[in-house]
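Survey of secondary and tertiary structure
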Amino acid sequence: MQKILVCDDEKEIVEAISIYLEGEGYKIIKAYDGLEALKILEDEQVDLIIMDVMMPGLDGIHTTLKIRETSSIPIIILSAKSEDTDKILGLNIGADDYISKPFNPLELVARVKSQLRRYIQLGNMNGSQSQAVFKCGGLTINDDNKEVYVDGELIKLTPIEYNILLLLVKNAGKVFSIDEIYEQIWNEEAIGADNTVAVHIRHIREKIEINPREPRYLKVVWGVGYKIEKQN
């Protein structure tokens, strides 16, 4: 049974999420602030985290940053529908997806299942391996062990970042639109995907480029999309 940590200071929200996800067969672990969530993670191995942004004490942003120091576990952040800046910030510091409050239960369940599928496919849980290495100049992706190297240095990516980079590297030179990237990585129709994809692209650049403002690998083709530049 897959375990999901739900962290929100509003107990009614935690209970509602628990009801929906327990109905899908998941085991739910509850926390009501960031510090409690971090303590639980010391003792429990969970498969996904749903994290509210606005909480007293240690908020969801700083809790996510702390988790990302040691783990690539999928994190879905919760934010008020009007707080777009919270969503962008959350994605920028390592969250994989977001759900707006008030949320649609069917969307919540779909996003949880989607994140867990990708996490399993990456081999973080079941050890599945594709036995493939992709190179582009000094950029190397070992899809056998899900590792990314830039000039020999190991780079730590979240599951979403890894999947986006793998897609682009495997198709070096090909330009992908924002909608194409979103639909291939999220397996959903791209509606309002611009900010979500742009934040992940920016985050990838910050990790793989010496100077993100003058990228060597991950290029924007204005008005079209993104590509990995072919290297000699």
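Residues numbered from 1 in each chain as written. Predicted model: local features only at pLDDT ≥ 70, side-chain atom pairs only at ≥ 80, totals over all residues. Heavy atoms only, no water.

1. Considerations on the overall build of the protein chain
The secondary structure content of the protein chain amounts to 8 helices and 11 strands. Here the C-alpha atoms of the protein chain give a radius of gyration of 18 Å, agreeing with the 17 Å that 2.2 N^0.38 yields for 232 residues. Its C-alpha atoms give the protein chain principal-axis dimensions of about 55 × 35 × 30 Å. Split into buried and exposed, the 232 residues of the protein chain put 49% on the buried side. Considering only intrachain contacts with a sequence separation of at least 6, the fraction spanning at least 24 residues in the protein chain is 57%. (Helix = DSSP H or I, 4+ residues; strand = E, 2+ residues; numbered from the N terminus. Rg over C-alpha atoms; globule rule 2.2 N^0.38 Å. Buried < 20%, exposed > 50% of the residue type's maximum accessible area, 1.4 Å probe, protein only. Contact = heavy atoms within 4.5 Å.)

2. Some words on the sheet that holds strand S9 (residues 153-155)
Taken in spatial order, the 4 strands make up an open sheet running S6-S7-S8-S9, and their pairing is antiparallel. A single partner strand is all that each edge strand has here, and the edge strands are strand S6 (133-136) and S9. Neighbouring strand axes in the sheet, compared pairwise and without regard to direction, differ in orientation by 25 degrees on average. Relative to S9, strand S8 (residues 147-150) runs antiparallel, the two sharing 3 bridges. (Pairing = 2+ DSSP bridges. Axes fitted to C-alpha atoms, helices over the stretch in contact; angles between N-to-C directions.)

3. Notes on the environment of Leu108
Within the element layout of this structure, Leu108 appears in helix H5 (residues 105-121). With relative accessibility at 0%, the residue Leu108 sits in the buried group. In the structure, Leu108 is positioned 74 residues away from Gly34 in sequence and 21 Å away in space, judged by C-alpha atoms.

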